[in-house]
Amino acid sequence: MDQDSRLLDKTIVNTIPPLDLARQYQIIGDEISTAVQQVLASGRYIGGAMVQELETQFAAYTRVEQAIACNSGTDALYLALRAYNIGAGDEVITSSFTFFSTAEVITLVGATPVFIDIDPQSFNFDTQQLAAAITPKTKAIIPVHLFGYPADMTTVMEVARQHNLLVIEDCAQATGAMWEGQKVGSIGHVGCFSFFPTKNLGACGDGGMVTTNDPEIATTIQKLREHGSNIRYYHELIGINSRLDSLQAAILQIKLRYLDRWNQARHEVAQRYQELLSPIPGIILPQVLVPAQSVWNQYTIRIQQPQSEALEGLEGRSNLRDQVREKMQSQGVSSMVYYPIPLHLQPVYKNLGYQLGQLPHTDRTAQEVLSLPMFPEITPEEQQRVAYALKDALQEISSD
Ligand SMILES: *Cc1c(COP(=O)(O)O)cnc(C)c1O
């Protein structure tokens, strides 16, 4: 055991979680309680002024004309696809290395997801592969700003213009992130946001938002989220029930005021990780290249696999990354794997016919990623413990 490890043993007091929303609540709890009580006393629980105010504030924050609140990030994506009449016979190009709902909604509206490989540096889809994936059936592109890191929107918009395609940004993990000085969600035709509690702007429950500069699309989405109707009992479309409730809107109004501070804190946490982890061999750290401005929803490193073992985990066996994760856990440091199985290899998408190895960077990345504890309130001492635990785990495994 080296000196770092001994220090680690002495300092274990409790487990460092991947994120800790209770600490955030300690800071803003009083404000939230007051707002919640006001809503409860008002007797107005769905829609109303709280939701409208949030929509106005969120539109201003994202620098768009309009924002339409809904029940989740998944619904935001679904409503956007529906508003543009994307459906049976259409293809939508996206990343396979994302949360399931990005592709799920494409299938839900009757269209077909087309997956392209990722750029292992940014974890986002490789925009150089967009053009080759376009067919006469292609209607839209969904760039995902994964882990808070904006996709290359310059290239996405250029390709979309050339081929007359729609761009629906999946901003679920990237509220506040910027590409070339523009907020994500204001660059494509629509932006789709999630307020799931683990996102940078999270509610105390589910919630979502669609942003757009197109007034017609905004009106259609307003109808679709409320049973195809914006005049009561007069239905022009088949929609869904996807309203945001007033309690969540009140909470989100408060949290929106803190968002830039929290994103800045995440940035500082990321900087500190870079310093602590850069001397450790065998791992690859995330790098943010201009003109991207990440909001660090996750701090995700790669545990480099020997080339020959690259696909072990996808075949159900434990790989190097999983071993590191277990050892860190036993030292009191939690970490997460986002995402262990890429979407093109999910059982439900077998019918699409993708093979293991067809999107090689995606397959390998799914094997190697490890997201370390990341939240605005994590302390430098805790980050030290994360670094020691990681270094220790790697050393132990290499000496086994
Ligand atoms: C969270 C997330 C969604 C879905 O948002 P929900 O609010 O959970 O429905 C969609 N896409 C990505 C990339 C996400 O991370």
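Residues numbered from 1 in each chain as written. Predicted model: local features only at pLDDT ≥ 70, side-chain atom pairs only at ≥ 80, totals over all residues. Heavy atoms only, no water.

Chemist: Go over unusual backbone geometry, please, and point to the residues and values.
Modeler: For the bond from V290 to P291, the omega torsion is 5°, close enough to zero to count as cis. Look at N85: it is not a glycine, yet its phi comes out positive at around 55°.

Chemist: I'd love a proper account of helix 9 (residues 246-277), names of residues and values included.
Modeler: Look at helix 9: 43 Å from first C-alpha to last across 32 residues, which is about the 46 Å you get at 1.5 Å a residue. Of all the bends in helix 9, the largest measures some 45° and sits at Y258. Where helix 9 starts, the residue carrying a side-chain oxygen 3.2 Å from the main-chain nitrogen of L247 turns out to be D245. (Helix = DSSP H or I, 4+ residues; strand = E, 2+ residues; numbered from the N terminus. Expected span 1.5 Å × (residues − 1). Bend = angle between axes of the 7 residues up to and from the residue. Polar contact = N/O pair within 3.5 Å; in protein donor to acceptor, adjacent residues only side chain to side chain.)

Chemist: Explain the packing of helix 4 (residues 73-83) against helix 5 (residues 101-108) residue by residue, including any values.
Modeler: Two elements in contact, helix 4 and helix 5, have axes separated by 9 Å at closest approach and are oriented at 40°. Once helix 4 is placed against helix 5, the crossing between them reads as right-handed. Every residue of helix 5 that contacts helix 4 at T74, L77, Y78 and L81 is listed here: S101, T102, E104, V105, I106 and L108. In terms of residue class, the contact of helix 4 with helix 5 is made up of 6 nonpolar, 3 polar and 1 charged. (Axes fitted to C-alpha atoms, helices over the stretch in contact; angles between N-to-C directions. Left-handed = near helix turned anticlockwise from the far one by under 90°. Contact = heavy atoms within 4.5 Å. Nonpolar A, V, L, I, M, F, W, Y, C, P; charged D, E, K, R; others polar.)

Chemist: Break down the side chain of N124 for me, citing the residues and quoting the values.
Modeler: Secondary-structure assignment places N124 in the loop between strand 3 (112-116) and helix 6 (130-133). With relative accessibility at 2%, the residue N124 sits in the buried group. Within the structure, the side chain of N124 is placed 3.0 Å from the backbone nitrogen of L146, a separation counted as a polar contact. Ignoring anything within four residues of it in the chain, the contact list for N124 reads I118, D119, V144, H145, L146, Y149, P150 and A151. (Buried < 20%, exposed > 50% of the residue type's maximum accessible area, 1.4 Å probe, protein only.)

Chemist: Provide a residue-level description of helix 7 (residues 153-163), including the pertinent values.
Modeler: What helix 7 keeps buried is the set M153, T155, V156, M157, V159 and A160. Where helix 7 starts, the residue carrying a side-chain oxygen 3.2 Å from the main-chain nitrogen of T154 turns out to be D152. Residue N164 follows helix 7 closely and has a positive phi angle near 55°.

Chemist: Could you give an account of a nonpolar patch on the surface, naming the residues involved and the relevant values?
Modeler: A cluster of nonpolar side chains, contributed by L40, Y45 and I46, occupies part of the molecular surface with about 280 Å² of accessible area. Relative to the assigned elements, L40 resides in helix 2 (residues 21-42). Residue L40 is classed as partly exposed on the basis of its relative accessible area, which comes to 44%. (Patch = residues over 30% accessible without salt bridge, like charges linked within 9 Å, V, L, I, M, F, W, Y side chains within 5 Å. Areas by Shrake-Rupley, 256 points an atom, 1.4 Å probe, with all protein chains shown as cover. Salt bridge = Lys/Arg side-chain N within 4 Å of Asp/Glu carboxyl O.)

Chemist: Mind laying out the domain arrangement of the protein, listing which residues take part and the relevant values?
Modeler: One can read the domain layout of the protein as domain 1 (3-19 + 260-399) and domain 2 (26-116 + 123-254). The straight-line distance from the C-alpha centre of domain 1 to that of domain 2 is 27 Å. On the domain 2 side, the residues contacting the 33 residues of domain 1 number 34 residues. In total, domain 1 and domain 2 occlude about 2,800 Å² of area from one another, counting both sides; carbon and sulfur atoms represent 64% of this. Along the contact surface separating domain 1 from domain 2 lie 0 salt bridges. Here domain 1 is connected to domain 2 by 19 residue pairs in polar contact (both at pLDDT 80 or more). Sorting the residues of the side of domain 1 that touches domain 2 by element identifies helix 9, strand 11 (292-293), strand 12 (299-303) and helix 11 (360-368) as the ones contributing at least two each. Take the side of domain 1 that touches domain 2: its biggest share by element is 4 residues, from helix 9. Of the residues in the side of domain 1 that touches domain 2, the class split is 19 nonpolar, 10 polar and 4 charged. (Domains from an automatic or database assignment. Buried area = accessible area lost by both parts, 1.4 Å probe.)

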